[in-house]
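Architecture and fold: a report
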Amino acid sequence: MRVVLLGPPGAGKGTQALKIAKEFDIPHISTGDIFRQNLRDNTELGKLAKEYMDKGLLVPDEVTNRIVEDRLQKEDCQKGFLLDGYPRNIPQAEELDKFLEERGHSLTAVINIQVEREALIDRITGRRVCPVCGATYHIKTSPPKVDNVCDKCGSELIQRSDDKLESVVKRLEVYEKETKPLIDYYTRKDILVNIDGNKSIDEVFEDIKKALLGDRRNDIH
Ligand code: ADP
Ligand code: ADP
Ligand code: ZN
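The rules behind each value
Residues numbered from 1 in each chain as written. Chains lettered and ligands numbered in written order. Predicted model: local features only at pLDDT ≥ 70, side-chain atom pairs only at ≥ 80, totals over all residues. Heavy atoms only, no water. Near = heavy atom within 4 Å. Polar contact = N/O pair within 3.5 Å; in protein donor to acceptor, adjacent residues only side chain to side chain. Areas by Shrake-Rupley, 256 points an atom, 1.4 Å probe, with all protein chains shown as cover. Helix = DSSP H or I, 4+ residues; strand = E, 2+ residues; numbered from the N terminus. Nonpolar A, V, L, I, M, F, W, Y, C, P; charged D, E, K, R; others polar. 1 Å grid on protein atoms, 1.4 Å probe; cavity = no way out; pocket = protein on both sides within 12 Å on 5 of 7 lines; lining within 4 Å. Points joined across faces, edges and corners; volume = space filled by probe spheres on them. Core = buried A, V, L, I, M, F, W, Y, C linked by side-chain atoms within 4.5 Å. Buried < 20%, exposed > 50% of the residue type's maximum accessible area, 1.4 Å probe, protein only. Contact = heavy atoms within 4.5 Å.

In the neighbourhood of ligand 1, 18 residues make up the surrounding shell, with Gly10, Lys13, Thr15, Arg127 and Tyr137 lying closest. Within the backbone of Gly14, one N or O atom sits 2.9 Å away from an oxygen atom of ligand 1. Thr141 is positioned such that a nitrogen or oxygen atom in its side chain is 3.1 Å from a nitrogen atom of ligand 1. Protein contact buries 91% of the 560 Å² of open area that ligand 1 shows by itself. Broken down by secondary-structure element, the contributors of at least two residues to the shell around ligand 1 are α1 (13–24) and β6 (136–138). Classifying every residue of the shell around ligand 1 gives 5 nonpolar, 9 polar and 4 charged.

This is the structure in structure tokens:
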């Protein structure tokens, strides 16, 4: 199963991606996570990505496409994959289609998680992440057991530097302009599934699971 998770920043893509990847046993590929890992490792890619991420802008397509294509060629993606945060504009989507087509593949489904703008801002500004293991929390809706400490590895939680209100407004603007057109793009290909992301984490996951199981019965790819 080859799946893309689409949705504005803060919609719950990363949260759902972990659950979907586990349920369907496919690798979770998050371009945002790859850039943040490179930033922590202080690589050239990390330094370059940071310039864009801090401003809430997209990292250039040539860089992003190459990273995704390298990752998709790894053995574990043979059985399928879950892309989270990629593609994020039409040129990336076209590149992904071309890459898959050249290998006789295509996407099984694009899951579009829809959340109202007000809720997005609450979700992003309340998000806290573990800088060591990458786990995600929310100060109100999914707090850690001990204040500000990661349940999984005990590290102190942080707020992503691009989750402060100023960057959030810019990221939402970039989403509207660059990423939202992908809804039409994939609707035309008849693979878009809309999911109401305003529900609880577990309810959203149940809806996604139903959609994907329905799709898999017809999965001829
Ligand atoms: P994205 O990857 O789309 O930016 P995340 O999965 O990181 O979104 O979620 C953004 C924030 O909202 C996180 O703090 C997360 O804990 C919280 N969150 C995710 N899904 C829900 C939900 N269904 N209801 C309430 N809060 C949620
Ligand atoms: P969110 O979880 O809030 O949706 P991400 O973790 O997906 O955010 O992305 C964080 C930042 O990483 C983006 O604002 C952008 O700078 C960069 N980024 C992530 N994915 C892409 C992509 N597909 N193309 C270009 N830039 C990206
Ligand atoms: Zn942790």
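That shown, we press on.
In this structure, the second largest pocket spans a volume of roughly 170 Å³. Taken together, 13 residues form the lining of the second largest pocket, with Pro8, Val115, Tyr175, Glu176 and Lys180 sitting closest to its centre. Of all the secondary-structure elements, those providing two or more residues to the lining of the second largest pocket are β4 (109–114), α6 (117–125) and α7 (165–179). Tallied by class, residues from the lining of the second largest pocket come to 7 nonpolar, 2 polar and 4 charged.

It is worth spelling out the nonpolar core at this point. With 25 residues, the main nonpolar core has Ile20, Ile111, Ile208 and Leu212 as its most contacted residues. Mapped onto this core, the elements with two or more residues apiece are β1 (2–6), α1, β4, α6, α7, β7 (192–196) and α9 (201–217). Examining the composition of this core, we find that 5 residues originate from one element, α9, more than from any other. Sequence-distant contacts of Leu212, defined by excluding residues within four places in its chain, comprise Met1, Val3, Ile20, Phe24, Ala109 and Ile111. Membership of the second largest hydrophobic core comes to 20 residues, among which are Leu83, Leu182, Tyr185 and Tyr186.

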